[in-house]
Amino acid sequence: MAEQTSAGQTRQGRPPQEPRIKPLMVGGVVFAVCMMAIVGAYQVFVGMGALMEDNFYTRANDYPYDLNINVWGWVHLISGIVIVAAAFSVFKGKTWARVVGITVAALSAMENFFFTPYYPLWSIVIIAFDVLIIWSLASYGHAQAHKVYGAPM
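Calculation rules
- Residues numbered from 1 in each chain as written.
- Predicted model: local features only at pLDDT ≥ 70, side-chain atom pairs only at ≥ 80, totals over all residues.
- Heavy atoms only, no water.
- Helix = DSSP H or I, 4+ residues; strand = E, 2+ residues; numbered from the N terminus.
- Buried < 20%, exposed > 50% of the residue type's maximum accessible area, 1.4 Å probe, protein only.
- Contact = heavy atoms within 4.5 Å.
- Axes fitted to C-alpha atoms, helices over the stretch in contact; angles between N-to-C directions.
- Parallel < 35°, antiparallel > 145°, perpendicular 65-115°, else oblique.
- Left-handed = near helix turned anticlockwise from the far one by under 90°.
- Nonpolar A, V, L, I, M, F, W, Y, C, P; charged D, E, K, R; others polar.
- UniProt positions renumbered as here; feature names shortened; annotations may be inferred.
- Core = buried A, V, L, I, M, F, W, Y, C linked by side-chain atoms within 4.5 Å.
- Polar contact = N/O pair within 3.5 Å; in protein donor to acceptor, adjacent residues only side chain to side chain.

## Quick notes on the overall build of the protein
Thinking step 1. When helices and strands are counted, the protein shows 5 helices and 0 strands.
Thinking step 2. Listed N to C, the secondary structure of the protein is α-α-α-α-α in terms of helices and strands.
Thinking step 3. Here the protein holds 153 residues, and the buried ones make up 36% of them.
Thinking step 4. Within the protein, counting contacts between residues at least 6 apart in sequence, those at least 24 apart form 68% of the total.

Written out as structure tokens, the structure is:
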């Protein structure tokens, strides 16, 4: 294994190896940001719909997680705003932004799991998008962000 000297080169005179950039990684993070923006916007619209009209969603009979429709509206609205904000922060190449993105995608998947009786098809689609977002953000490293976007190391 080669050691680095103070000039940024290895003892054998070769520069340190650059991080390898795979197009799938770069495309994956762009995909994740776009999907996070779409999922966040969807959550905002679902939340606004629930807050504006109490009869927008039909109540599920004997559902143990049957919350007040206004509560679901606020949960969706707040999570949508957080997801959209996290989407725009991922492009900065910061590790904390990816962690926040993965966290809000996981919370969004759980939220839509509990929301399935109200809109089953859309909940399943959003859960699938959340899983793809988590995979995309988890496979993209800080070194790649530095090389692609010039993010500080």
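Additional details are given in the paragraphs that follow.
## Structural notes on the packing of helix 3 (residues 95-114) against helix 4 (residues 120-138)
Thinking step 1. In contact at an axis separation of 9 Å, helix 3 and helix 4 are set at 160° when each is read in the N-to-C sense. Put simply, helix 3 runs roughly antiparallel to helix 4. As helix 3 packs across helix 4, the resulting crossing turns out to be left-handed. Contacts between helix 3 and helix 4 pair Arg98, Gly101, Ile102, Ala105, Ala106, Ser108, Ala109, Asn112 and Phe113 from the former with Ser123, Ile126, Ile127, Asp130, Ile133, Ile134, Leu137 and Ala138 from the latter.
Thinking step 2. Residues belonging to the contact of helix 3 with helix 4 are distributed by class as follows: 11 nonpolar, 4 polar and 2 charged.

## Considering the UniProt feature "transmembrane region" (unreviewed entry) in the protein
Thinking step 1. Listed under "transmembrane region" (unreviewed entry) in the UniProt record, and renumbered for this structure, are residues 24-51, 71-91, 96-115 and 121-143.
Thinking step 2. Across residues 71-91, the secondary structure splits into 95% helix and 0% strand, with the terminal C-alpha atoms separated by 32 Å.
Thinking step 3. Split by type, residues 96-115 is 95% helix and 0% strand. Its first and last C-alpha atoms lie 28 Å apart.

## Considerations on the nonpolar core
Thinking step 1. Core analysis: the largest hydrophobic core is formed by 25 residues, its most contacted members being Met36, Tyr57, Val90, Phe115, Tyr118, Ile133 and Leu137.
Thinking step 2. Only helix 1 (23-52), helix 2 (69-90), helix 3 and helix 4 provide two or more residues apiece to this core.
Thinking step 3. The biggest single contributor to this core is helix 1, with 9 residues.
Thinking step 4. Those residues in contact with Ile133, other than ones at most four positions away along the chain, are Ala32, Met35, Met36, Val39 and Ala105.

## Quick word on the side chain of Ser108
Thinking step 1. Residue position: Ser108 is located in helix 3.
Thinking step 2. Note on Ser108: relative accessible area 1%, which makes it buried.
Thinking step 3. A polar contact is formed between the side chain of Ser108 and the side chain of Asp130, at a distance of 2.8 Å.
Thinking step 4. In this view, Ser108 contacts Val39, Gln43, Ile83, Ile126 and Asp130; residues no more than four positions away in its chain are not counted.

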